[in-house]
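Listed here are the chains, written in short residue letters.
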Amino acid sequence: MMMAQARDLDTGVCPDRRSPARLSFALYCNVLLSICSPEADQMNTNPPVQLTANFSISTREQSPHPAQGLFSHNSVGIAGRQRKRPLGLLSDFVTDELPHRVEEIRCSEQPNEEVQLLGRSINAILSKADYDAQLLSLPQSDFGIAKTDIHYIVNCLYQTSAFAGLNPMDAERTVGDSLNRLARLSCQRQPSIDVLSYEDVILTNPLQSDPRLYCLGAAGVEERDFCLGHQLIEGDLQSAMDALLELRDTIDVDPRQCLTRCLKHLDSAIYVLTRFHERMSADLFRQFRAHYVKNPYKNRLGPSGRFSARMVAVSVLLMGEELFHQSPQFYRDIYRLSDHYPQACIREVFRWLVPDNGSGELAPTWLEGGGAAFPRSATVSSAVERHGYEIGKLRASCVRALDQFTRMHRNTALKYTIEPGHSVSGAEAEECVEAILCQRLLTARY
Ligand code: HEM
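Predicted model only: the values in this text are computed from it and were never measured.

What counts and what doesn't
- Each chain carries its own residue numbering, running from 1 in the direction its sequence is written.
- The model is predicted, so local features are restricted to residues of pLDDT at least 70 and side-chain atom pairs to those at 80 or more, both for listing and for counting; the totals for chains, interfaces and linings are taken over all residues.
- Strands are runs of DSSP state E lasting at least two residues, helices are runs of H or I lasting at least four, and both sets are numbered from the N terminus onward.
- Counting other C-beta atoms within 10 Å of a residue's C-beta gives its exposure: the residue is buried at 20 or more, exposed at 12 or fewer, and partly exposed in between, where C-beta atoms are placed from the backbone.
- Whether two residues are in contact is decided by their C-beta atoms, placed from the backbone, lying within 7 Å.
- Multiplying 1.5 Å by the residue count of a helix minus one yields the expected span of that helix.
- At any given residue, the bend is defined as the angle formed between two axes, one fitted to the seven residues that end at that position and one fitted to the seven that begin there.
- Residues enter a nonpolar core if they are buried, belong to Ala, Val, Leu, Ile, Met, Phe, Trp, Tyr or Cys, and are joined to the set through C-beta atoms within 7 Å.
- Note that domain bounds follow an automatic or database assignment of domains.
- This arc is built from the directions going out from the helix axis to the C-beta atoms.
- Every residue is assigned a pLDDT by the predictor, reflecting its confidence on a scale from 0 to 100.
- Placing the C-beta atom from the backbone, one calls a residue near a molecule or strand if that atom lies within 6 Å of it.
- Ten residues, namely Ala, Val, Leu, Ile, Met, Phe, Trp, Tyr, Cys and Pro, are considered nonpolar, four, namely Asp, Glu, Lys and Arg, are considered charged, and the remaining ones, Gly among them, are considered polar.
- Each axis is a line fitted through C-alpha atoms, and for a helix only the stretch in contact is used; angles between axes span 0 to 180 degrees, taken between their N-to-C directions.
- We call two directions roughly parallel when the angle between them is under 35 degrees, roughly antiparallel when it is over 145, roughly perpendicular when it lies between 65 and 115, and oblique otherwise.
- Crossing chirality is assigned from the near helix's rotation relative to the far helix, an anticlockwise turn below a right angle marking it left-handed and a clockwise turn marking it right-handed.

## What to know about the overall build of the protein
Here comes step 1: Secondary structure assignment for the protein yields 17 helices and zero strands.
Here comes step 2: Within the protein, the proportion of its 446 residues that are buried is 47%.
Here comes step 3: The contacts of the protein with a sequence gap of at least 6 include a subset with a gap of at least 24, amounting to 80%.

Below you can see the structure in the form of structure tokens.
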């Protein structure tokens, strides 16, 4: 199979439904790239947007928010500024070829043959080099992208196998031993769930420089913007978390400054979420989201915002004790599903929650009804109380902003997922999704 030449040439629809009139990808990318900062880690400088409280100063008129170009539906192409291909041919295949092959499978009258052919193509690439050794010798920054590449392929093979109706044995054969071993190795080097994770899709996917996606054309652009929007929010959550940690852990810090910074970034996250709610196409969402559902052959949840460890961290820092009294289930779920979260961050939160247990891995006794008290030291409560009424009010504004985010998120989830009846990816069949969406809300029950 020829490697695809350029993804902008594609429309992402089956050939018989191809539309002749499409805008050039360069136009869209220039718009997007001109407004976005380089990578997720550097996305902590979003301008404040006044949405929730009087403490933040709106500067949106002066500098555009990085999320302003998301879901603008101007073009259909994907392009990055800089190639990130840590696994050579294998990374090239994921980035340039995989969406085309997915499209061929989707449009094929014999999808089972196409899926098995895809498995053989991938295994042929794997046989050409010692990818195990290559993976283990990569520096950490490249390793993250390599792991993402591997799990994008594995997930694709399972999802397309299910689409083509392959039985579990044929699906395993399609994935093959070499790829399975490589996937296992990647999870040994960086402990994580053995399926495509939220961390792979949102945090390590080089979305702005060389995105990994499953769809072509307009659906691919929407898929990229969906992931990018999440990535921008993760940047804001990191900044909010940093400000709260400074308040909690540093003596002589200016509490007003810390909480104002936190509020600014929560407002910014709300602004990004508003773009999702108002601008994302429900039809395109349905198209790309199908690739990120639960693994159909393994008992594992799919990548979901539910597994944002930074969201957990901010919630615990700001209102951890109140959350415990209102929704102990929130904490039970985090411990039960801990493997799905980015490990470094969730383990840090666990250390706050069980300060006496160095590794922080055991579920806390205060959660199991052992009589122990919730560890207030995990939160900013004591620091806020030390500084009196005004600072208390400022913290309340932050809590309201977080609540507003959660409420708006619930409406967004209802609009795109639950009301249209699409399968959800980050919840077990026996869980009540409505309850999950509301369990961090302090001021109302659903
Ligand atoms: C159109 C966009 C979105 C839709 C349709 C959506 C949908 C959902 C759904 C259905 C759930 C329930 C669990 C699951 O099945 O995955 C969920 C949970 C969750 N999602 Fe999203 N989501 C969206 C965007 C986001 C964004 C941008 C974030 C930011 C990190 C996020 C964070 C969360 C969190 C934290 C939960 C757990 C519930 C909570 O604590 O509020 N989601 N989402």
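## Quick look at helix 2 (residues 89–107)
Note: α-helices contain 3.6 residues per turn, so residues at a spacing of three or four share the same orientation.
Here comes step 1: For helix 2, which comprises 19 residues, the first-to-last C-alpha distance of 25 Å matches the rise-based estimate of 27 Å (1.5 Å per residue) to within 8%.
Here comes step 2: When the local axis directions of helix 2 are compared, the greatest deviation, roughly 55°, occurs at Glu-97, which is followed within four positions by the proline Pro-99.
Here comes step 3: At its buried positions, helix 2 is contacted by helix 3 (111–126), helix 4 (131–137), helix 5 (140–163) and helix 9 (217–249).

## Let's talk about the nonpolar core
Here comes step 1: Core analysis: the biggest nonpolar cluster contains 105 residues, and Ile-153, Leu-244, Leu-266 and Val-314 have the highest contact counts within it.
Here comes step 2: Structurally, this core is a two-domain feature, drawing no fewer than three residues from each of domain 1 (85–205) and domain 2 (224–438).

## A few points about the environment of Leu-394
Here comes step 1: Mapping Leu-394 onto the fold places it in helix 16 (residues 389–418).
Here comes step 2: In this structure Leu-394 comes out as buried when scored by C-beta crowding, with 21 C-beta atoms within 10 Å.
Here comes step 3: In the structure, Leu-394 is positioned 132 residues away from Cys-262 in sequence and 10.0 Å away in space, judged by C-alpha atoms.

## Quick word on helix 14 (residues 343–353)
Here comes step 1: Three or more residues of helix 14 are buried, namely Cys-345, Ile-346, Val-349, Phe-350 and Leu-353. Considered in projection along helix 14, the buried side chains sweep an arc of 140° and stay on one side of the axis.
Here comes step 2: Of the surrounding secondary structure, the elements contacted by the buried residues of helix 14 are helix 12 (309–326).

## What about the confidence of the model for the protein?
Here comes step 1: Averaged over every residue, the pLDDT of the protein is 86; residues scoring 70 or more account for 83%.
Here comes step 2: Predicted confidence is poor over residues 1–12, with pLDDT under 50, and the contacts of this stretch with residues over four places away or in other chains come to 32 contacts.
Here comes step 3: Note on residues 15–60: pLDDT is under 50 here. Beyond four places in sequence and across chains, it has 104 contacts.

## Describing the site of the ligand
Here comes step 1: Looking at the ligand, there are 25 residues lining it, with Ser-304, Gly-305, Ala-413, Val-424 and Gly-426 nearest.
Here comes step 2: For the shell around the ligand, the secondary-structure elements that each account for two or more residues are helix 9, helix 10 (255–279), helix 16 and helix 17 (433–438).
Here comes step 3: Top contributing element to the shell around the ligand by residue count: helix 16, with six residues.
Here comes step 4: Across the shell around the ligand, the residue classes break down as 12 nonpolar, 11 polar and two charged.

## Some thoughts on the packing of helix 12 against helix 14
Here comes step 1: Orientation of helix 12 relative to helix 14, taken along the N-to-C sense of each, is 25°, at an axis distance of 8 Å. One way to sum up the angle between helix 12 and helix 14 is to call them roughly parallel. The chirality of how helix 12 crosses helix 14 is left-handed. Facing helix 12, whose interface residues are Ala-309, Arg-310, Val-312, Ala-313 and Val-316, helix 14 presents Cys-345, Ile-346, Val-349 and Trp-352.
Here comes step 2: When grouped by side-chain class, the residues that make up the contact of helix 12 with helix 14 number eight nonpolar, no polar and one charged.

## Some remarks on unusual backbone geometry
Here comes step 1: Although it is not a glycine, Phe-71 sits at a positive phi angle of roughly 55°.
Here comes step 2: Position of Phe-71 among the secondary structure elements: in the loop between helix 1 (25–35) and helix 2.
Here comes step 3: Positive phi, close to 65°, is recorded for Asp-252, a residue that is not glycine.
Here comes step 4: Position of Asp-252 relative to the elements: it lies in the loop between helix 9 and helix 10.

## Looking at the packing of helix 5 against helix 7 (residues 177–189)
Here comes step 1: Following both chains from N to C, one finds helix 5 and helix 7 inclined at 140°, their axes separated by 10 Å at the closest point. Of the possible angle classes, the one that applies to helix 5 and helix 7 is oblique. Crossing of helix 5 over helix 7 shows left-handed handedness. On the side of helix 5, the interface is formed by Phe-143, Lys-147, Ile-150, His-151, Ile-153 and Val-154, while helix 7 contributes Leu-179, Leu-182, Ala-183, Ser-186 and Arg-189.
Here comes step 2: Considered class by class, the residues forming the contact of helix 5 with helix 7 number seven nonpolar, two polar and two charged.

## Concerning the environment of Ile-436
Here comes step 1: With respect to the secondary-structure elements, Ile-436 resides in helix 17.
Here comes step 2: Classification of Ile-436 by C-beta neighbours within 10 Å gives buried; the count is 20.
Here comes step 3: Sequence-wise, Ile-436 and Phe-330 are 106 residues apart; in three dimensions their C-alpha atoms are separated by 8.0 Å.
Here comes step 4: Excluding residues within four positions of it along the chain, Ile-436 makes contact with Arg-306, Ala-427 and Glu-431.

## Points about the environment of Val-384
Here comes step 1: Residue placement: Val-384 occurs in helix 15 (residues 381–386).
Here comes step 2: A C-alpha to C-alpha distance of 8.5 Å links Val-384 and Arg-248, two positions 136 residues apart in sequence.
Here comes step 3: Ignoring any residue separated from it by four or fewer positions in sequence, one finds Val-384 in contact with Ile-391, Gly-392 and Arg-395.

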